Each structure stands twice: as structure tokens, then as C-alpha cells.
Number of protein chains: 2
Amino acid sequence: MNGYVQDVIMLLGDSLTQGASDAGGFAQKLSYAYNRKLDVVNRGLSGYNTKWAIPVFTQCLARRTGTHADGLFPKVQLLTLWFGANDACLEHSPQHVPLADFAENLDTLVRAVRAPGSAHYAPWTRVVLLTPPPVNTRQRGADLAARDPPRACDRDFEVTRQYAQAVREVGARHRLPVVDVWTMLWEGCGKEEAKLDKYLSDGLHTNAEAHALIYDGLMKVIAERWPEFSPERLPMVFPPWDQVITNPSLEKRVLFKEASLRD
Amino acid sequence: MNGYVQDVIMLLGDSLTQGASDAGGFAQKLSYAYNRKLDVVNRGLSGYNTKWAIPVFTQCLARRTGTHADGLFPKVQLLTLWFGANDACLEHSPQHVPLADFAENLDTLVRAVRAPGSAHYAPWTRVVLLTPPPVNTRQRGADLAARDPPRACDRDFEVTRQYAQAVREVGARHRLPVVDVWTMLWEGCGKEEAKLDKYLSDGLHTNAEAHALIYDGLMKVIAERWPEFSPERLPMVFPPWDQVITNPSLEKRVLFKEASLRD
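The model shown is predicted, which means the values in this text are computed figures rather than measured ones.

A. Examining the environment of Arg175(A) more closely. All names here are of chain A. By secondary structure assignment, the location of Arg 175 is in the loop between helix H6 (157-174) and strand E5 (178-179). Among the residues examined, Arg 175 registers a relative accessible area of 65% and is labelled exposed. Distance in space between the C-alpha atoms of Arg 175 and His 92 is 34 Å, their sequence separation being 83 residues.

The following block contains the structure:
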């Protein structure tokens, strides 16, 4: 059975997060950067909106018992919440979540770990919100029109922009850092919808170039807000091999485990 | 706290495994392929040999208690053991482990999960061994000679070949599948040491091209030996979104969780 060795970074979101385990995705980059320090847990669920994510999220978290059993579970040291791309589907879509409900759902996800009364309250969890990327409706529309049977475009540039704004507002209300993917990609393509194909493979999903920006944005948040949490500042759980050879006691007894993250 | 949602694939090894979280590495590819099905836990420790890995491994596994507490820990459904590259260091190196000790240590790692008397016995764990890659001593020697101060080459082609053979023998003894990295890379470069730079970045560490072969080799083992464990055969833990919308009861109550992997 997999024992508790490292705390975790949990990534909760939709297909944009799920796909972030691909080469060059921000989940992959985090895994590499935090190797031997934190495990990266991808809880991205393609197609999901915030309404469906709430019951999933509560299952992904261990409930606090207030007993020593709590110590059996890795702490979520960093949590990214990246939603909006599906909630912003137009009203005819079953994925659509009204804007006000989206903001409330996102608020519920945040309070799951930040409200002291929550069964999942985790004061140590660093929460970062991400805004949905802007939609390239030409690309997305062409993609859906080419399907069998053809489908009408299910997103709208302006609507998704409003959902991105809602994320910023939830962030401001909770004083949480926001990686503003919407603005980064919009500005990065010169504010021309047709040029969003620089970052979006199909008008909706972020490619490796976008993920590089997203990862850098997240690293910037960490460096500014929680510098002690930067990958280069965290100790390895098991010591580097050159420490093992210069410290025979490490070699003889069961190897030292850095406990600082647990406390 | 991170709750038990998915079982895991654990990768135990040295820097070759640690580096497999990089883009194109076999850890990254597994994470992507098993998204929403299994978490990939990279327990690669740069520089480590089997002697140092044994105490680490026992800490990475939860001890069996025979009580319901065992159900709190994710099962290790697949375990890769990839050692030999450091054990095969020449005798003057502190990383050197004699060949017979290497085989015995690898045997100890296997028995940790497969011996019924072990505190970590896990009859469900699929164990796969990997052989160390062949060494390009020209590349490795040039790399070490260029350091300050210059160092003599610490590996030998023929010695590492013997350690690869020892892995095959441990695999045969336990009837475990072996992904024979040594042979794949050796044959892939036309059996010319100088041409190993096709797969090795510095004479020792595998590049993305090698990792593609390693991943394919692992997938072949899974398809042949445990076809039910192929990524496309395993159910998602949380249902696909189009199942959520066609089954209103899924949406209303806490979402269904696929329990088959737990039983």
C-alpha cells in the first residue's frame, strides 16, 4: 500500500487540468520541479463544471477527525482550482452553469478547505485560482461544425470573458492569488481572437505554449506569495545521495526523513 | 488532506526514474495514460543504489495492520523497480554495490511486496523489473573529464551489462516480467557503444527517445500479462461527464465512484 511519504499539490479542474499531465503541461512541469518533495495529484475531470466538481472534491479530500488518524493523510500544500471553461457553455448545453451559480460554486470549493467549520478545513492549503482561457469561437465553431452530426458552437468569447472575471472576483473576495490565464493568453496573442490558435489546439484547449505561460504564472505567484514553497527552497524528503555517503549514520539506520512539511 | 481516491502506480528507482517525470519520460506518459484511473507516484532517487533504496522503500509503503485501517491507503497496483545504473559504479565509487549484493538487494525489494510474511505484503501488486541502460563510456568519460576537478570514468560497459543480466535473473527467479532497457537500447543503436548517444544524454541518462521505447515496452508487458490493467480497459474513478448528464441520479447524489479497483 502506498504510504504517506510526501505532501501533495492537488490540481482540481476540468479537461484543461486533466490534459495538463501531457508533456509540457503544467501538471507535468510541477511533477518534475517538485520531484522528491511533493506529489502532484491531477484531479482534472474532462467536461465537468463546478456543479459536478463539488461532490467530487469532497470525496478527494480526507475528512478531519481531530484524531491521530488525520496524520495518515498527506496534506494538500497547494491547491489549484481551474474552472469556467465548461460552466461558460451556452444555455442550450447541459454543461452550462449560470454565471452567479458559477461564482457561488467556486466560492463553495474555496470554503471547503478555508472555512474553519468545514469537514475538510485545511489552514495550511495554499489556494490558487486560474481563470478560463479565452475562447477562439472560429476554431471551436469549425471543430464542432465538422463533427457528425455537425453541432452549433457552444461557447461565446464574451460569455467566457465574464466567467474569467467572476474568478477574479472570487479570488479578490478571499484574498487568493489568481493566475489570470484569460488575460495572459489574450494579451499574448495581441488581443485578436483569430490569433488565439497560438495557444489553443481547438479553440478551447490549451497547448504546451500556453502551459508554459501558465506554469510560469503559477511559479511567479509562489515566488511572490509563498517563497518558502518554491521548489528550490523545499527540502527533499529523502536526502540527496551525496549526503548519504558523507553521513554514515544516514546509511546505517533507516534513512532520515525530512519532517518539516508535516508539522 | 489528500484522500484515497485512486490506487497508484509506484516507480522506485534512481535518477533514471526520477527524471522520468520530465516531458516525454515514462512517468509522465503513465500519468497521462492513467489519468482519472491511477495516480503515478515517482519514487526515483537520483544517485541511489539498491542498498540505500531498501530502507526508503519500506518507508514508502504502508505497513499492513490487518485492520480496516489498511483500507485507508491506496493500493500499489503496479510497481516498477529500476536499479543497476548506480550499483554498477566501479569499486572506487561510494555508489558501488557488488554484483551479488545487487542481486540480493533487488530480491529483497521484490520480496517486500511479494513475500507473504512481509509487513508490506501486497498480493495485488504487479511488479515489473527494468534493466539498467548500457553505458556509453566515451560520453560519460568525456563528461566527467570536463568537470572541475576532472574525474575518471566511474562506469564500464561490460560491468553494467552484468548488472542488467542480474536483473533478468532476479526476474526469472520470481517469474516477473522484465522491460529489458539494456537490450532495447543496445539493439536500437545497432550495438555500437558510440551510437548510444541516440538514447543517452550524457552516456548514462536516458532521453525522451529512450523513454518512448521504455514506455512502449512497459505497455507491451501490461497488454500481454495483465490486459485488464491496460489504460483503455480500466474504468475512470469518477464517471465521464456524458454519463453524468444522461444519468440524473449521478448528478443529484454524491457522484458514483467506481470501486472495482479497490476490491
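B. Molecular detail of the packing of H6(A) against helix H7 (residues 181-188) of chain A. Residue and element names in this part refer to chain A. Packing of H6 against H7 brings their axes to within 9 Å, and their N-to-C directions diverge by 135°. Here H6 lies oblique to H7, going by the angle between them. Contacts between H6 and H7 involve Phe 157, Thr 160, Arg 161, Ala 164 and Arg 168 on the former and, on the latter, Trp 182, Thr 183 and Trp 186. Considered class by class, the residues forming the contact of H6 with H7 number 4 nonpolar, 2 polar and 2 charged.

C. The arrangement of the pattern of salt bridges in detail. This model, assessed by the stated rule, comprises 24 salt bridges over all chains. Note that Asp154(A) is salt-bridged to Arg140(A), the shortest N-O span being 2.8 Å. Taken together, the residues span a long stretch of sequence, with Asp154(A) in the loop between helix H5 (137-145) and H6 and Arg140(A) in helix H5 at a distance of 14 residues. Asp154(A) gets classed as buried once you look at its relative accessible area, which sits at 3%. Arg140(A) sits in the buried class, given a relative accessible area of 6%. A salt bridge links Asp154(B) to Arg151(B); the nearest nitrogen and oxygen atoms lie 3.7 Å apart.

D. Quick look at the pairing of strand E1 (residues 7-13) of chain A. Residue and element names in this part refer to chain A. Most of E1 is tucked away: 7 of the 7 residues are buried. With burial as the criterion, each face of E1 is covered, one bearing Asp 7, Ile 9, Leu 11 and Gly 13 and the other bearing Val 8, Met 10 and Leu 12. In the sheet, E1 pairs with strand E3 (residues 76-82) via 6 bridges, with the strands oriented parallel. Bridged to Val 8 within E3 is Val 76.

E. Expanded view of the packing of aromatic side chains. Residue and element names in this part refer to chain A. Tallied over the full model, the rule gives 14 aromatic pairs over all chains. Centroid distance Tyr 34 to Phe 229: 5.5 Å. Interplanar angle 35°. Geometry classified as tilted. Taken together, the positions of Tyr 34 in the loop between helix H2 (26-33) and strand E2 (38-44) and Phe 229 in the loop between helix H8 (208-225) and helix H9 (241-246) put the pair 195 residues apart, joining distant regions of the chain. No difference in accessibility class separates Tyr 34 from Phe 229, as the two residues are buried. Look at Phe 102 and Tyr 163: their rings are 5.2 Å apart centre to centre, the planes differ by 45°, and that puts the pair in the tilted class. Of this pair, Phe 102 sits in helix H4 (residues 99-114) while Tyr 163 sits in helix H6, and the two are 61 residues apart along the sequence.

F. Structural context of unusual backbone geometry. Residue and element names in this part refer to chain A. Residue Asp 148 is joined to Pro 149 through a cis peptide bond whose omega torsion reads 0°. Structurally, Pro 149 is set in the loop between H5 and H6. Backbone geometry at Arg 36 places phi at a positive 70°, although glycine is not the residue there. In this structure, Arg 36 sits in the loop between H2 and E2. Judged by relative accessible area, Arg 36 falls into the buried class, the value being 4%.

G. Inspection of the interface of chain A and chain B at higher detail. Listed as interface residues are 56 residues of chain A and, on the opposing side, 56 residues of chain B. Buried area between chain A and chain B, both sides added, is near 5,100 Å², and the carbon and sulfur share of it is 60%. When residues of chain A are sorted by the area they lose upon contact with chain B, Met1(A), Asn2(A) and Gln59(A) head the list and together hold 19% of the total. Across the chain A-chain B interface, the total number found is 2 salt bridges. Here chain A is connected to chain B by 16 residue pairs in polar contact (both at pLDDT 80 or more). Put simply, the parts of the chain that give the side of chain A that touches chain B at least two residues each are E1, H2, E2, helix H3 (50-60) and H9 of chain A. No other element matches H3(A), which puts 6 residues into the side of chain A that touches chain B. The residue makeup of the side of chain A that touches chain B, split by class, is 29 nonpolar, 16 polar and 11 charged.

Rules used throughout
- Residues numbered from 1 in each chain as written.
- Chains lettered and ligands numbered in written order.
- Predicted model: local features only at pLDDT ≥ 70, side-chain atom pairs only at ≥ 80, totals over all residues.
- Heavy atoms only, no water.
- Helix = DSSP H or I, 4+ residues; strand = E, 2+ residues; numbered from the N terminus.
- Buried < 20%, exposed > 50% of the residue type's maximum accessible area, 1.4 Å probe, protein only.
- Axes fitted to C-alpha atoms, helices over the stretch in contact; angles between N-to-C directions.
- Parallel < 35°, antiparallel > 145°, perpendicular 65-115°, else oblique.
- Contact = heavy atoms within 4.5 Å.
- Nonpolar A, V, L, I, M, F, W, Y, C, P; charged D, E, K, R; others polar.
- Salt bridge = Lys/Arg side-chain N within 4 Å of Asp/Glu carboxyl O.
- Pairing = 2+ DSSP bridges.
- Phe/Tyr/Trp six-rings, centres within 6.5 Å; stacked < 30°, edge-to-face > 60°.
- Buried area = accessible area lost by both parts, 1.4 Å probe.
- Polar contact = N/O pair within 3.5 Å; in protein donor to acceptor, adjacent residues only side chain to side chain.

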